[in-house]
Amino acid sequence: MKDAAGRPVIAVTGAGIVTSLGEGKQDNWSGLTAGRSGIHAITRFPTEGLRTTIGGTIDFVDVEPFCCASFTTEIASRAATEAVGQSAIRPVGDFPGPLFVAMPPIEIEWPLRERLLAMAGKDDEADYSDLLEVASKAQSIDYENSLYGSVAERLASTFGTKGSPISLTTACASGATAIQLGVEAIRRGETDAALAVAADGSMYPETMIRFSLLSALSTQNDEPEKAARPFSKNRDGFVMAEGAAALVLESYEHAKARGADILGVIRGCGEKADSFHRTRSNPDGKAIIGALQAALDDAGCAPDEIDYINAHGTGTPENDKMENFALGEVLGERARTVPISSNKSMIGHTLTAAGAIEAVASLLTLEHQRIPPTINYDVPDPAIELDVVPFTARDAEVSTVLSNSFGFGGQNACLVFSGEPA
Amino acid sequence: MTNDVWITGIGLTSSLGEGRDAHWQALNAGTGPVLDRQCISPYAFHPMAELDLSLQIPKRGDQRQMEPWQRYGVYTAGLALDDANVKDDPDLLSRMDMIVAAGGGERDIAVDNQIMSELLKSNDRAKLLIERLSNELRPTLFLAQLPNLVAGNISIVHGVTGSSRTFMGEEAAGHDAVRTAHARVAAGQSRICLVGGAFNAAREDMLLLFEMVSGNWLGEADSVWARDTGNGGVRLGSMGAFLVLEAADHARARGARPVARLEAVVADRGPREAGSVGRSLSALWSRIGGGIEADTLGVVSGATGIAGQTAEELGFLETLSGAPIRAAGTHLGHGLEAQFPASLAIAALCISHGKVFPAADASVETNERVDVERALVTSVGHWRGEGLALVARAET
């Protein structure tokens, strides 16, 4: 089956998700539709002195020693296991296509620096030359965990994906970009299937401090579950969170030929970069508008076909204002009536994973014909004229979903999902 | 649909200078690598040539928002856009796609050193770390560390906004960035795409990474083929390398001339064991090398100088019927994500001049073939990932 542009239709035949609400689609969907928050006081590491001490850490997963690469790999692997298992495309370990992994930056972290310091045996002054002197005694796992390529390499080995795995970032749009890359590879005819994974396990003190220094994080530490307040007048920043999601993408023909269950189709993907500022959108909204329009164009979808919008909705003053504005520009009057909600009100902002997590939520919305709410909408922002589905889930006929992702650094990506074609 | 993919612009910066001509002259002068042996002794690295940043990044405010690796990237991307003659076409730039291969940015070494000393004396390290990082980190340093902010700054400074993607994963990021850009242009998913990367070698934290596997070369040999004591190793090199890839019909329509044609890009990965690098390169070559006349082929290798893998690569290259072999790393050093784009840029220079540059290591780089019509670019990641590309003369 081809789309209107003569390209293969892209089906999703497997989906997996891990967030602070739980592991798997079932737990996450029941949490999301119950309006349950996964945000809580952080206990994994001491937080004394941090401006923000809450987040959506996934406390039921542990890795030892904890570091971004190994935790990201672990949650990514769990999400991908669910997705590949559901698709039943092949036994886990022999995935018949390439891997695209959205992931956070990897670096040498303080615990490793401290282990090297201990090896150096210094007791008062130390600098990098001391670390360099003992570094060759480090364990190979410490070295691998300091490489960007280690996450995708391990996932490629575990799932038996084919070819060179791609590790990518477009900041907070990364999850959507991973899906887009998979869609493009299938459309080029390079493969019948692709595994798109997005995971973010980058919550540790230094990363939280970095976001705090940019004044991006909510500081509502006293009531963690109420801190993420997308579209509210008293929103004060996003809440950092861990999460992972995975999607098995497949040409519709390939999926049908093997009798696979189809969770939905990806009708289109659009992107557009901003050239205005490193952390802020151009007030003219041109790049966000461009990404929205490009996704609709790529999907061959009229604005009034959109039945539900899964918002980027971070809860920062800037994002929600711009998302509201751009939707008005692209959807016109319909922007005021089409339901929109932000999963981030419950699971926080999973950064590089968000686009894929919200893609899974979008597919679940299509499956269950039920829209998860935006919680914490106690004080609506009068400047935002959107139907944000406050507090409680809403049953609705949903055939087509628009999912938005906008990133620091001006990278924006939007996806359009529909149910299985009749 | 399969479009011919032309390289219509090259930006290259390194210890050898900036731009196509400066690099071609330096490679032909045979004067040996430019090394800094003092700054982070005993480690030698290839320092970036002095750049007048204001030529490509006119606003001081923009320069201040970046750390050196980002400045190298944005500067070099500007050179590529100039070379492709698109710099003054905002409409084209707003449609241009972009894929950047990037690692992470510099740390503030002075802050790290200060905190390390204080940690040694502290009895509540977790608390101290939070306190010191909160007070000492510059807010903008984060943005200078984010991989996607090379692309973000290219959008801001040069106006490339059609799309913006950043690939990570050390050398493999370079393979996949070029491979994906090529595939998209060939398939008509993109008409014109800026692709490349940048690396700053003057970084103790990067030396630390390689030191964890004893991967820094401390010996005398410049040639990557001659680092045969211990594990061999890399000499890191500061570099920026960007290519403008363009569908041939798109280039013709705007009167642009090709430097060369990017014929094929392939990459793979897998666990490393004895013989695996050689097998992987041979398998990749079998996918793109069919029907290629060996007597007009040259090789630009991105070999790291790490002993085992470099020997295996050489073993593969020696099956190519005497094609002349040259190593980019001997001259530029090793630049991780930027290595493959830089090697490709050098290969394109060879094609545009119809020959390879003089040998730097007579034991391996012997053959002085004059008429080179096609260049094979190799890259073997220091940990994982193998990539090959073929650059050929463009038929205009």
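One can find the structure itself at the top, above this paragraph.
Since the model is a prediction, treat every value here as computed from it, not as a measurement. Position labels on residues start from 1 in each chain and follow its written sequence. Each chain is given a letter, starting from A, and each ligand a number, starting from 1, according to the order in which they appear as written. With the structure being a predicted model, the display of local features is reserved for residues of pLDDT at least 70 and the display and counting of side-chain atom pairs for 80 or more, all residues being used for whole-chain, interface and lining totals. In computing side-chain properties, one takes all heavy atoms of the structure into account and sets aside hydrogens as well as water.

Structural notes on the overall build of chain B
Helix and strand labels come from DSSP, where a helix needs a run of H or I of at least four residues and a strand needs a run of E of at least two; each type is numbered from the N terminus. What chain B contains, in helices and strands, is 15 helices and 13 strands. Its C-alpha radius of gyration of 21 Å places chain B within 12% of the 21 Å reference for a compact globule of 396 residues. When its C-alpha atoms are laid out on the principal axes, chain B stretches across 70 × 55 × 40 Å. When accessible area is computed with a 1.4 Å probe and restricted to protein chains, residues below 20% of their type maximum are described as buried, those above 50% as exposed, and intermediate ones as partly exposed. Relative to its 396 residues, chain B shows a buried fraction of 66%. Carbon and sulfur atoms provide 46% of the accessible area of chain B, an area that totals close to 12700 Å². Note that His is not counted, nor are the chain ends; the positive residues are Lys and Arg, and the negative ones are Asp and Glu. We put the charge of a Lys on NZ, of an Arg on CZ, of an Asp on CG and of a Glu on CD. Between the averaged position of the 35 positive side-chain charges in chain B and that of its 48 negative side-chain charges there is a distance of 4 Å. Just to be clear, the radius of gyration here is over C-alpha atoms, and the globule rule we use is 2.2 Å times residues to the power 0.38. Only the protein chains shown count as covering a residue, and every accessible area follows the Shrake-Rupley method with a 1.4 Å probe.

Brief notes about the packing of aromatic side chains
Pairing of aromatic rings covers Phe, Tyr and Trp, the last counted by its six-membered ring, and requires centre-to-centre distances within 6.5 Å; plane angles under 30 degrees mean stacked, over 60 mean edge-to-face, and any other angle means tilted. All chains considered together, the criterion is met by four aromatic pairs over all chains. Consider the rings of Phe66(A) and Phe71(A), whose centres lie 5.2 Å apart with planes at 45 degrees: the pair is tilted. The partly exposed category is assigned to Phe66(A), whose relative accessible area is 21%. Each ring, one from Phe211(A) and one from Phe142(B), has its centre 4.9 Å from the other, and the planes form 80 degrees; the classification is edge-to-face. Of this pair, Phe211(A) sits in helix H8 (residues 205-213) while Phe142(B) sits in helix H7 (residues 139-145), which puts the two residues in different chains. Here Phe211(A) matches Phe142(B) in class, with each residue buried. Feature note: the residues Phe211(A), Phe238(A) and Phe142(B) constitute an aromatic cluster, connected by ring pairs. By the criterion adopted, a ring carries a charge over it if an Arg CZ or a Lys NZ lies within 6 Å of its centre and within 35 degrees of its normal. Between Arg113(A) and the ring centre of Trp110(A), over which it is positioned, the NZ or CZ distance is 4.4 Å. Positioned above the aromatic ring of Trp383(B), the side-chain terminus of Arg384(B) is 4.2 Å from the ring centre.

Considering the side chain of Ser150(A)
Secondary-structure assignment places Ser150(A) in helix H6 (residues 149-159). Ser150(A) sits in the buried class, given a relative accessible area of 0%. From its side chain, Ser150(A) meets the backbone oxygen of Leu147(A) in a polar contact 2.9 Å long. In contact with Ser150(A), not counting residues within four places along its chain, are Ala69(A), Glu144(A), Asn145(A) and Trp383(B). Each polar contact in these results corresponds to two N or O atoms within 3.5 Å; when the atoms are within protein, one needs to be able to donate a hydrogen and the other to accept it, and residues that are neighboring in sequence are counted only if both atoms are side-chain atoms. Residue contacts follow a heavy-atom distance rule, with two residues in contact if any of their heavy atoms lie within 4.5 Å.

Some points on the packing of helix H12 (residues 276-288) of chain B against helix H13 (residues 307-317) of chain B
The packing of two helices is summarised by the inter-axis angle and the distance between the axes. All names here are of chain B. Every axis in this analysis is a line fitted to C-alpha atoms, fitted for helices over the stretch in contact. Angles between the N-to-C directions lie between 0 and 180 degrees. Running from amino to carboxyl end, H12 crosses H13 at an angle of 35 degrees, the nearest separation of the two axes being 8 Å. Seen along the crossing, H12 lies across H13 with a hand that is right-handed. Contact residues: Ser276, Val277, Gly278, Leu281, Ser282 and Trp285 in H12; Gln309, Glu312, Glu313 and Phe316 in H13. Classes in brief: Ala, Val, Leu, Ile, Met, Phe, Trp, Tyr, Cys and Pro nonpolar; Asp, Glu, Lys and Arg charged; the others, Gly included, polar. Along the lines of polarity and charge, the residues of the contact of H12 with H13 split into four nonpolar, four polar and two charged. Should the near helix be turned counterclockwise from the far one by less than a right angle, the crossing is left-handed, whereas a clockwise turn marks it as right-handed.

Some words on the pattern of salt bridges
Whenever Lys or Arg places a side-chain nitrogen within 4 Å of a carboxyl oxygen from Asp or Glu, that contact is recorded as a salt bridge. Across all of its chains, the model carries 56 salt bridges over all chains by this definition. For the salt bridge of Arg78(A) with Glu74(A), the shortest nitrogen-to-oxygen distance reads 2.7 Å. Pair noted here: Arg78(A) and Glu74(A) are both in helix H2 (residues 68-87), with a separation of four residues, about one helical turn. Judged by relative accessible area, Glu74(A) falls into the partly exposed class, the value being 27%. Residue Glu136(B) is joined to Arg132(B) by a salt bridge in which the shortest nitrogen-to-oxygen separation is 2.8 Å. In this pair, Glu136(B) and Arg132(B) are both assigned in helix H6 (residues 125-136), four residues apart and thus about one turn of the helix distant.

Here's the deal with the pairing of strand E10 (residues 297-301) of chain B
Residues and elements named next belong to chain B. Most of E10 sits inside the fold, with five of its five residues counted as buried. What you see with E10 is no split at all: Leu297, Val299 and Ser301 on one side and Gly298 and Val300 on the other are buried throughout. The pairing criterion for strands is at least two bridges between them, as found by DSSP. Note that E10 and strand E12 (residues 374-380) share five bridges and pair parallel. Note on E12: the bridge partner recorded for Ser301 is Thr378. The sheet contact formed by E10 and strand E11 (residues 325-327) spans three bridges and is parallel. Opposite Val299, over in E11, you have Ile325 as the bridge partner. Clockwise travel from the first strand over the helix to the second, with the strands pointing away from the viewer, marks a crossover as right-handed. In the classification by handedness, the crossover that spans E10, the intervening H13 and the parallel E11 is right-handed.

Regarding unusual backbone geometry
A cis amide bond, omega -10 degrees, links Glu64(A) with the succeeding residue Pro65(A). Note on placement: Pro65(A) falls in the loop between strand E4 (54-55) and H2. The linkage connecting Ser41(B) with the following residue, Pro42(B), adopts the cis geometry, with an omega of 10 degrees. In this fold, Pro42(B) is placed in the loop between strand E3 (36-40) and strand E4 (43-45).

Observations regarding helix H8 (residues 148-158) of chain B
All names here are of chain B. Within H8, eleven of the eleven residues are buried, which leaves the element mostly enclosed by the surrounding structure. Along H8, the positions that sit buried rather than exposed are Asn148, Leu149, Val150, Ala151, Gly152, Asn153, Ile154, Ser155, Ile156, Val157 and His158. In the stretch just after H8, Gly159 is the one whose phi turns positive, near 80 degrees.

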